[in-house]
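Secondary and tertiary structure notes
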Amino acid sequence: MTVWDDLVGQEQVSAQLGAAARDADALVTAVAGRSAGSGRSAGSGRSAGSGAPDPPAPEASRMTHAWLFTGPPGSGGPTAARAFAAALQCVSPDRALGGVPGCGFCDGCHTSLIGTHADVQIVRTDLLSIGVKDTRELVRRAQLSPAVGRWQVIVLEDADRLTEGAGNVLLKAVEEPAPRTVWLLCAPSVDDVLPTIRSRCRHLTLRTPPVDAVADVLIRRDGIEPEAAMAAARATQGHIGRARKLATDPRARARRAAVVRMPLRVSDVGGCLKAAQELIDAATEDAKEVSEELDVKETEELKAALGAAQGGRMPRGTAGVMKDLEDRQKRRRTRTQRDSLDLALTELTGFYRDVLALQLGSRLAIANADAGDALDRLARESTPEATLRRIDAISACRAALDSNVAPLLAVEAMTMALRTG
C-alpha cells in the first residue's frame, strides 16, 4: 500500500504530489551524483570544475519549497501533507526503476508516517493558538540540513492557528528557505493564512471525500459492517475521522443523537435554556475526559523533573513553572471544549440542511436518514426562509465562540433563535 492510498477521494491532489515527489527525487539524486563526481575528480588529481557539466534543471519543476493544503474539515489536508513528507523521504530502490516515490514500506516512508523520522517535524497544537516562541523554534530547525533523510520537512497542521506575530516570523523562513527544506502548511481555507505567506506557497485544494469512498475505507481498513459504515459516512457528510469514531464509539452515537433531537426540544423558552445547558455540559465533559488523565501525568512528570520532595513539596523558585503548566492545561481544556461544541454545531447545521432539502424538494442525499420523522415534521411546520435563518443562527453562534463570547450565552442565544426561526 503506497502512501497515496490514504488520500481518500483526492485523485487529482495525489497525482500532483506524486509528480512533485518525482521531481524532488530527481533533484536530490542529481545533487548526490554531482557530489560523488566531484569527490572522484579530486581524488584523481582533476579539478572539481573539470568534471561533466551539471544536468539541466527541469524547465517547469513541479517541486517547490512551500505548500499550502486547504479543504473542508475531514478532507484530509494533514493526511496529504504527511503522505507527501513520506514520499519526499522515500528510499525505495524502485525509484531508480521509474517507480513513484512513496512506497509506504521503506524506512523513510514508515518513519515519516508514524512521526519518528529525524527530518520530518509534524506540528499540531491542542491549544487555541501557536505563538511566536514555538514558531521561532520551527524556523531555527528549518535552517538545518537534513540529518539522515533527503529533505528537512516541516508539517504545520494548524497553520490557521498562528498568531499574527507567529505568522510574521514564519514569513521570513518561507521567503528565504534553506536549500533542502520544505514547508507543508494545512488550513481550512486560504483566508485563514496571512496573504504574504499564502502568496509564497503552492496551493492545493482538497475536496470533501465522496460518501461511498469513506464507507469503503471503513469497511476495508476498520472491518466495519457495510450498512454501519455507509450510515456513518452519510451522517458525517464525508468526514473520515468522524465517520470512523461514529461507527466504532457508542458514546459518539449517543452524543450525536442528542444533538439531532435538539430542534424538537426548543419549542419554549425553558426548553431552549435546558438544551443549551446540556450542550455545554456535554462539551465540558468531553474536555474533562480528554484532559484529566493527561493533566495529571504532565503535572507529575514536571514535579519529578523539578525535584519535588517526597510528600509533594516543591523546591523554591518553581512556582512560576508550575503556573505556566496550569495555564497551558487550562487553554487546552478550552480548546477541547470549543472543538466539541463546534462538532455539535456542525451536526446541527447538517440537520437543518436536510430540512431545507426536503422543503425545496431537492434530490440531495439526506445525511440524517435515521432522524427521518423529525426532519419531516420540521419541514412541514416551517418554511425554507425560517430554516435558512436557523442555519444563520448556528453560524452566528460559531462566530461568537471564535470571538471568545461566553459559551453558554452564545449557545442560549442560538437556541432561542432556533425556536423563533
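Treat the numbers as computed from the prediction; the structure is a model and nothing was measured.

1. Quick notes on the side chain of H239
- Note on placement: H239 falls in the loop between α8 (226-235) and α9 (240-248).
- Setting aside residues up to four positions removed in sequence, H239 forms contacts with P73 and G74.

2. Some remarks on the packing of aromatic side chains
- Summed over the entire model, instances satisfying the criterion amount to two aromatic pairs.
- Pairing W67 with F84 gives two aromatic rings, centres 5.1 Å apart and planes at 70 degrees, and the pair type is edge-to-face. Of this pair, W67 sits in strand β1 (residues 66-70) while F84 sits in helix α2 (residues 77-88), and the two are 17 residues apart along the sequence. Of the two residues, W67 and F84, neither departs from the other in class, the shared state being buried.
- Look at F351 and Y352: their rings are 5.6 Å apart centre to centre, the planes differ by 90 degrees, and that puts the pair in the edge-to-face class.
- F351 gets classed as buried once you look at its relative accessible area, which sits at 0%.
- A residue is classified by how much of its surface remains accessible, and Y352, at 3% relative accessible area, is buried.

3. So, the pairing of strand β4 (residues 181-187)
- Where burial is concerned, most of β4 is hidden: seven out of the seven residues are buried.
- Burial along β4 is two-sided: the face carrying T181, W183, L185 and A187 and the face carrying V182, L184 and C186 are both buried.
- Of the pairings in the sheet, the one linking β1 to β4 comprises five bridges and is parallel in character. Within β4, the residue paired with L68 across the bridge is L185.
- Relative to β4, strand β3 (residues 152-156) is paired through five bridges, and the arrangement is parallel. Bridge pairing in β4 links Q152 to T181.
- For the crossover from β3 across helix α5 (residues 164-175) to β4, the handedness is right-handed.

4. Quick notes on the environment of E347
- Mapped onto the elements, E347 comes out in helix α12 (residues 319-360).
- The class for E347 is buried, based on a relative accessible area of 14%.
- In this structure, the C-alpha to C-alpha distance between E347 and V260, residues 87 residues apart in sequence, is 7.3 Å.
- Among all residues touching E347, those that are not within four sequence positions of it are R242, R256 and V259.

5. Some points on the sheet that holds β1
- As summarised here, the arrangement of the five strands in space is β2-β3-β4-β1-β5, forming an open sheet in which the pairing is parallel. Two strands close off the open sheet at either side, each with one partner strand: β2 (120-123) and β5 (202-205). Going from strand to strand, the sheet's axes swing by 15 degrees on average, the running direction of each strand aside.
- Running over the sheet, helix α4 (residues 132-142) touches β2, β3 and β4 and is turned about 155 degrees from β3.
- Relative to β4, α5 is tilted by about 140 degrees, and along the sheet it contacts β1, β3 and β4.

What counts, and where the lines are drawn
Residues numbered from 1 in each chain as written. Predicted model: local features only at pLDDT ≥ 70, side-chain atom pairs only at ≥ 80, totals over all residues. Heavy atoms only, no water. Helix = DSSP H or I, 4+ residues; strand = E, 2+ residues; numbered from the N terminus. Contact = heavy atoms within 4.5 Å. Phe/Tyr/Trp six-rings, centres within 6.5 Å; stacked < 30°, edge-to-face > 60°. Buried < 20%, exposed > 50% of the residue type's maximum accessible area, 1.4 Å probe, protein only. Pairing = 2+ DSSP bridges. Right-handed = clockwise from strand over helix to strand, strands pointing away. Axes fitted to C-alpha atoms, helices over the stretch in contact; angles between N-to-C directions.

Everything listed here is a matter of geometry and, on its own, says nothing about what the molecule does.
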